[in-house]
Amino acid sequence: MATQTETQTSIAQSSIIPLSIKGTVHRGPVTTPLNFYQAPSDGSKPFNYVEAPPEGQPQRNFGDIDIPVTIEDIRGHESQYTLDQNAFTALKNVPESAEREFSNDESVKKNYYPEVEKLLLDNVPGSKRILLFDHTIRRANPNAHRAPVTRVHIDQTASSAEARVRHHLPDEADELLKGRYRIINVWRPINGAVESFPLAFANSASVPDEALVGIEHRYPDRTGETAAVKHTDGQHWCYWSGMEDNERLFLECFDSENPRGRVPHTAFVDPRSGADAKPRESIEVRALVFG
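Here goes a summary of the coordinates provided. In this text the structure is predicted, and so the values were computed from the model without any measurement. (Residues numbered from 1 in each chain as written. Predicted model: local features only at pLDDT ≥ 70, side-chain atom pairs only at ≥ 80, totals over all residues. Heavy atoms only, no water.)

1. A short note on the overall build of the protein chain
Note the threshold: A run of H or I in DSSP becomes a helix once it reaches four residues, and a run of E becomes a strand once it reaches two; helices and strands are each numbered from the N terminus. A 1.4 Å probe rolled over the protein chains alone gives each residue an accessible area, and that area as a share of the maximum for its type sets the label: buried under 20%, exposed over 50%, partly exposed in between. The contact criterion used throughout is that any non-hydrogen atoms of two residues lie within 4.5 Å. Throughout, the Shrake-Rupley method with a 1.4 Å probe supplies accessible areas, and for residues the shown protein chains are the sole cover considered.
A count of helices and strands for the protein chain gives five helices and 14 strands. Dimensions along the principal axes, computed over C-alpha positions, put the protein chain at roughly 55 × 50 × 35 Å. The buried share among the 291 residues of the protein chain stands at 55%. When contacts within the protein chain are restricted to residue pairs at least 6 apart in sequence, long-range pairs at least 24 apart make up 81% of them. Of the roughly 13,100 Å² that the protein chain leaves accessible, carbon and sulfur atoms contribute 48%.

What follows is the structure, given as structure tokens:
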């Protein structure tokens, strides 16, 4: 999912022809291609430019490959998954937000950020302090500033998580880095039940460390790092069918005390969705969680 830490990829078209069904939320497992990492052909370190690349440079130097996977539906089994065991958790019946439009960044920060902070403090065991450092609104339409990202990725790596702490809290960083710190992405739809481009997320325990590849994430003024993901046997992929506005996904991108605290995720094309399915709109808020 990324983000201001992930460049927008175009909405990929599935090789499977979708059924022409309008306004339908599909449930249950689905098999569809996901977009995985393929290394640069010249063996060089992979990179990605967040903005327009310098003259003569490609936007990114690595490739990708579509591999069909079966994605299980966690609907009805939400309580089986936890941040510590799986690096994601699902919350239901969240009170209606004071933010209604999700069209103005300052309004989102004023109205929605306090709700997210409280949600994290109430639902992340051990959390004592929250710093929300950015958000991204995605809309699955051709004119959107940010579209769903259809490439498997993790928003942060160990090095970029530490850099986030130092960037946002430089005077306190040395002390904060002695304790537990996490980066959690809080994801939700903002226009009703998801009918197109749902979010897939892997059970972190099923993804070995060797499947993760650090990608230089080059901003105009600095270089960060995200993680691309290679396909490996045994990966267990999930989604939450028909997510509603009153539901939230916590996606853990890094945990200083849990090496499995990183969840690969991606939007995907559901082959059961018709061309008239409602375009997905969503917001993700990224948080540093201390304690």
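2. A short note on the pairing of strand S1 (residues 30–38)
We count it as follows: Strands are treated as partners if at least two bridges between them are detected by DSSP.
Counting buried positions along S1 gives seven out of nine residues, so the element sits mostly inside the fold. Across nine bridges, the pairing between S1 and strand S3 (residues 63–73) is antiparallel. Bridged to Thr31 within S3 is Thr70.

3. Quick word on the pattern of salt bridges
Quick note on the threshold: Any carboxyl oxygen of Asp or Glu that lies within 4 Å of a side-chain nitrogen of Lys or Arg is treated as forming a salt bridge with it.
The full count for this structure, using the stated rule, is 21 salt bridges. Here Arg164 ties to Asp134 by a salt bridge, and the two come within 4.0 Å at their closest N and O atoms. In this pair, Arg164 sits in helix H4 (residues 158–168) while Asp134 sits in strand S5 (residues 129–139), placing the two residues 30 residues apart along the sequence. Overall, the relative accessible area of 8% leaves Arg164 in the buried class.

4. A word on the sheet that holds strand S12 (residues 248–255)
Stated precisely, the cut-off is as follows: Here an axis means a line fitted to C-alpha atoms, over the contact stretch when the element is a helix, while the angle between two N-to-C directions is reported on a 0 to 180 degree scale.
What the five strands build is an open sheet, ordered S4-S12-S7-S14-S5; its pairing is antiparallel. Because the sheet does not close on itself, it has two edges, and the strands there are strand S4 (88–91) and S5. Adjacent strand axes in the sheet meet at a mean angle of 20°, parallel and antiparallel pairs treated alike. Across nine bridges, strand S7 (residues 181–189) lies against strand S14 (residues 281–290) in antiparallel orientation. Residue pairing for S14: Arg188 is matched across the bridge by Ile283. Against the sheet, helix H3 (residues 113–123) contacts S4, S5, S7, S12 and S14, and its axis sits at roughly 120° relative to S5.

5. Re unusual backbone geometry
Residues other than glycine seldom take positive phi values, yet Ala87 does so here, at roughly 70°. The topology assignment puts Ala87 in the loop between helix H1 (83–86) and S4. For Ala87, a relative accessible area of 0% corresponds to the buried category. One non-glycine residue, Phe102, lies in positive phi territory at about 55°.

6. Overview of the side chain of Arg182
This is how the line gets drawn: The positive count covers Lys and Arg only, the negative count covers Asp and Glu only, and His and the chain ends enter neither. Residues adjacent in sequence count toward polar contacts only when both atoms are side-chain atoms; beyond that, a polar contact is any pair of N or O atoms within 3.5 Å, and within protein one must be able to donate a hydrogen and the other to accept it.
As for its position among the elements, Arg182 is in strand S7. There is no salt bridge for the buried Arg182, and the closest opposite charge comes from Glu252, which lies 4.4 Å off by N-O distance. In terms of polar contacts, Arg182 uses its side chain to reach the backbone carbonyl oxygen of Pro125, at 3.1 Å. Looking at Arg182, its side chain comes within polar contact range of the main-chain oxygen of Gly291, at 2.6 Å. For Arg182, the contacting residues outside a window of four places in its chain are Val124, Pro125, Gly126, Ser127, Glu252, Phe254, Asp255, Ala287, Leu288, Val289 and Gly291.

7. Section: the nonpolar core
Our working definition: We call a set of buried Ala, Val, Leu, Ile, Met, Phe, Trp, Tyr and Cys residues a nonpolar core when their side-chain atoms join them within 4.5 Å.
Counting residues in each nonpolar core, the largest one holds 29 residues, and the members touching the most others are Leu34, Ile71, Val165 and Trp237. Of the residues forming this core, the biggest block, three residues, is contributed by S1. Residues in contact with Leu34, not counting those within four places in the same chain, are Ile65, Asp66, Ile67, Val69, Ile71, Val152, Trp237, Thr266 and Phe268.

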